[in-house]
Amino acid sequence: MTTLTPSDKALVPFVSVDHMMQLIHHIGIEEMLRGLANYIETDFKRWQLFDKTPRVASHSAEGVIELMPTSDGEVYGFKYVNGHPKNTAEGLQTVTAFGLLADVASGYPVLLSEMTMLTAMRTAATSALVARLLAPKGATTMAMIGNGAQSEFQSLAMKAICGVQEIRLYDIDAQATEKCAANLSGLGLTVTPCTTAEDAMMGAQIITTCTADKQYATILTDNMVGAGVHINAIGGDCPGKTELAPAILHRSDIFVEYPEQTRIEGEIQQLDDDHSVTEIWQVLTGQAAGRVSDKQITLFDSVGFAIEDFSALRYVRDQIETTRLFHPLDLLADPDDPRDLFGMLQRSTQG
């Protein structure tokens with residue numbers, strides 16, 4: 001059998017989990033979080049160029065599997081991602097993901113990458129980018145409610161991008177809090193484990209909720225939230241899954257990524273379809289106001305959106321050019337004569 005040597009056009013850069021971790025450490029965790037936030041901000045500021053659609057979701061009793069596509073007209077991207085809350089109890093990740101970029105002009109893929117690690121980074125970068133816009137000026141303390149896989153990334157992003165100095169931790173699972181506190185030790189933050197959500201929120205100007213149960217939950221009740229705080233609600237991300245009491249939503253100015261998706265999956269699925277929300281891209285471009293008073297409660301109802309993944313993949317593609325932290329993957333058939341795919345197949349048996 002003849003072994004056909006792949007052409008350059010057949011080879012697509014593939015960033016494995018190992019290479020992604022090497023890339024993060026090569027750049028530095030906090031520096032990469034800032035870099036991702038910059039790319040996300042750049043792309044949100046050219047919002048009108050992108051194709052936009054709610055993610056395509058396949059729901060089951062156990063969780064959800066989703067595809068998240070978008071394009072700016074020159075580059076196309078998508079992410080495959082799942083969310084299965086039961087996985088943790090079985091020793092599996094709640095969220096796994098991979099993504100792809102392709103050249104619109106030819107349709108040829110130009111990058112394939114793991115996105116389990118990258119999604120954790122881009123989610124945290126997005127949260128901190130928005131908190132920089134909406135949190136009280138000079139905010140130094142964040143309550144982290146839910147201390148699972150995302151908690152350390154959120155904490156470090158708030159430090160790197162917003163200047164947060166103290167993280168107050170709470171989780172119904174004390175071992176999760178212990179894990180998070182240990183992981184954050186020595187990384188420049190004051191970390192305070194707490195035994196109740198109310199305790200964690202004492203003195204916090206930013207409140208992040210990130211829990212995994214696929215249900216209508218009330219992680220924060222109305223009486224727990226005082227005036228002047230910024231709430232970063234990232235745990236509610238599919239139909240039937242929320243974290244905040246509806247009364248909190250009615251007291252807050254709500255900011256979202258893409259209303260058509262957030263009304264299906266976010267905290268605002270609890271509200272009427274015509275409830276007023278502000279899109280983050282409008283704040284970033286100066287078309288809408290963010291925080292306008294010290295007593296205002298701002299709420300980022302974040303469910304994750306495809307443009308954020310596009311930005312993250314674009315950032316990775318730019319970084320690996322100089323680091324070579326990727327595998328050339330033989331992904332595309334590239335016959336000498338593009339009309340003769342069958343001939344390529346037949347020649348592979350000769351020898």
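Residues numbered from 1 in each chain as written. Predicted model: local features only at pLDDT ≥ 70, side-chain atom pairs only at ≥ 80, totals over all residues. Heavy atoms only, no water.

A. Structural view of the packing of helix α3 (residues 116-134) against helix α4 (residues 151-162). Packing of α3 against α4 brings their axes to within 8 Å, and their N-to-C directions diverge by 45°. Comparing the axis directions of α3 and α4 gives the class oblique. Crossing angle aside, the handedness with which α3 passes α4 is right-handed. Here Met 117, Ala 120, Met 121, Thr 123, Ala 124, Ala 125, Ser 127, Ala 128, Leu 129, Ala 131 and Arg 132 of α3 lie close against α4, whose contacting residues are Phe 153, Gln 154, Ala 157, Met 158, Ile 161 and Cys 162. Its residues assigned to classes, the contact of α3 with α4 shows 13 nonpolar, three polar and one charged. (Axes fitted to C-alpha atoms, helices over the stretch in contact; angles between N-to-C directions. Helix = DSSP H or I, 4+ residues; strand = E, 2+ residues; numbered from the N terminus. Parallel < 35°, antiparallel > 145°, perpendicular 65-115°, else oblique. Left-handed = near helix turned anticlockwise from the far one by under 90°. Contact = heavy atoms within 4.5 Å. Nonpolar A, V, L, I, M, F, W, Y, C, P; charged D, E, K, R; others polar.)

B. Geometry of unusual backbone geometry. Here the phi dihedral of Arg 324 falls at roughly 60°; this positive angle occurs in a residue that is not glycine. Tracing the chain through its elements places Arg 324 in the loop between α10 (306-323) and β17 (327-330).

C. Broad picture of the sheet that holds strand β10 (residues 206-209). Strand order in the open sheet formed by eight strands is β9-β8-β7-β10-β12-β16-β14-β15, with parallel pairing between adjacent strands. The open sheet is flanked by β9 (190-193) and β15 (278-279), the only strands paired with a single partner. In this sheet, β9 lies alongside strand β8 (residues 166-170) in parallel orientation, the contact comprising four bridges. Residue pairing in the sheet places Leu 169 in a bridge with Pro 193 of β9. (Pairing = 2+ DSSP bridges.)

D. Spatial organisation of the sheet that holds strand β5 (residues 97-103). Strand order in the open sheet formed by seven strands is β2-β3-β4-β5-β6-β1-β17, with mixed pairing between adjacent strands. Two strands lie at the open edges of the sheet, namely β2 (56-59) and β17, each paired on one side alone. Direction aside, the axes of adjacent strands within the sheet are offset by 20° on average. Bridge count for strand β1 (residues 11-15) against strand β6 (residues 109-114) is two bridges, and the pairing is parallel. Looking across to β6, one finds that Phe 14 is bridged to Leu 112. Sitting on the sheet, helix α1 (residues 17-27) is in contact with β1, β6 and β17, with an inclination near 65° to β1. In this fold α3 packs onto β3 (64-71), β4 (75-83), β5 and β6, with an angle of close to 85° to the strand it touches most, β6.

E. Seen up close, the layout of surface pockets. Of the pockets and cavities examined, the second largest pocket occupies roughly 280 Å³. Around the second largest pocket, the lining is made up of 14 residues, and of these His 25, Ile 29, Met 117, Glu 152 and Phe 153 lie nearest the centre. Contributing elements (two or more residues each) for the lining of the second largest pocket: α1, α3, α4 and α5 (174-184). (1 Å grid on protein atoms, 1.4 Å probe; cavity = no way out; pocket = protein on both sides within 12 Å on 5 of 7 lines; lining within 4 Å. Points joined across faces, edges and corners; volume = space filled by probe spheres on them.)

F. How the structure looks around the nonpolar core. With 69 residues, the main nonpolar core has Met 32, Leu 118 and Val 316 as its most contacted residues. Looking at which element gives the most residues to this core, the answer is α3, with ten residues. Other than its neighbours up to four places away in sequence, Met 32 contacts Met 20, Ile 24, Ile 27, Leu 118, Met 121, Tyr 315 and Val 316. In terms of nonpolar packing, the next biggest core, distinct from the first, is built from 26 residues, Val 225, Ala 233, Leu 244 and Leu 249 among them. (Core = buried A, V, L, I, M, F, W, Y, C linked by side-chain atoms within 4.5 Å. Buried < 20%, exposed > 50% of the residue type's maximum accessible area, 1.4 Å probe, protein only.)

G. Expanded view of the pairing of β4. Of the pairings in the sheet, the one linking β3 to β4 comprises eight bridges and is antiparallel in character. Note on β4: the bridge partner recorded for Pro 69 is Phe 78. What sits between the antiparallel neighbours β3 and β4 is a turn of three residues, in which Gly 73 has the positive phi angle 95°. Two elements, β4 and β5, share seven bridges in a ladder whose sense is antiparallel. Among the inter-strand pairings, Tyr 76 is bridged to a residue of β5, identified as Ala 102.

H. Spotlight on the environment of Ala 197. Checked against the element boundaries, Ala 197 lands in helix α6 (residues 197-200). Taking relative accessible area as the criterion, Ala 197 reaches 7% and is therefore assigned buried. With residues near it in sequence (within four places) discarded, Ala 197 still touches Ile 145, Tyr 170 and Met 224.

I. Representation of the pattern of salt bridges. The full count for this structure, using the stated rule, is 19 salt bridges. Notably, a salt bridge pairs Lys 79 with Asp 309, separated by 2.9 Å at the nearest N-O pair. Pair noted here: Lys 79 is in strand β4 and Asp 309 is in helix α10, with a separation of 230 residues, a long-range link. Considered together, Lys 79 and Asp 309 belong to a single accessibility category, that of buried residues. Of the charged contacts, one joins Arg 122 and Glu 308 as a salt bridge, the two residues approaching to 3.3 Å between their closest N and O atoms. (Salt bridge = Lys/Arg side-chain N within 4 Å of Asp/Glu carboxyl O.)

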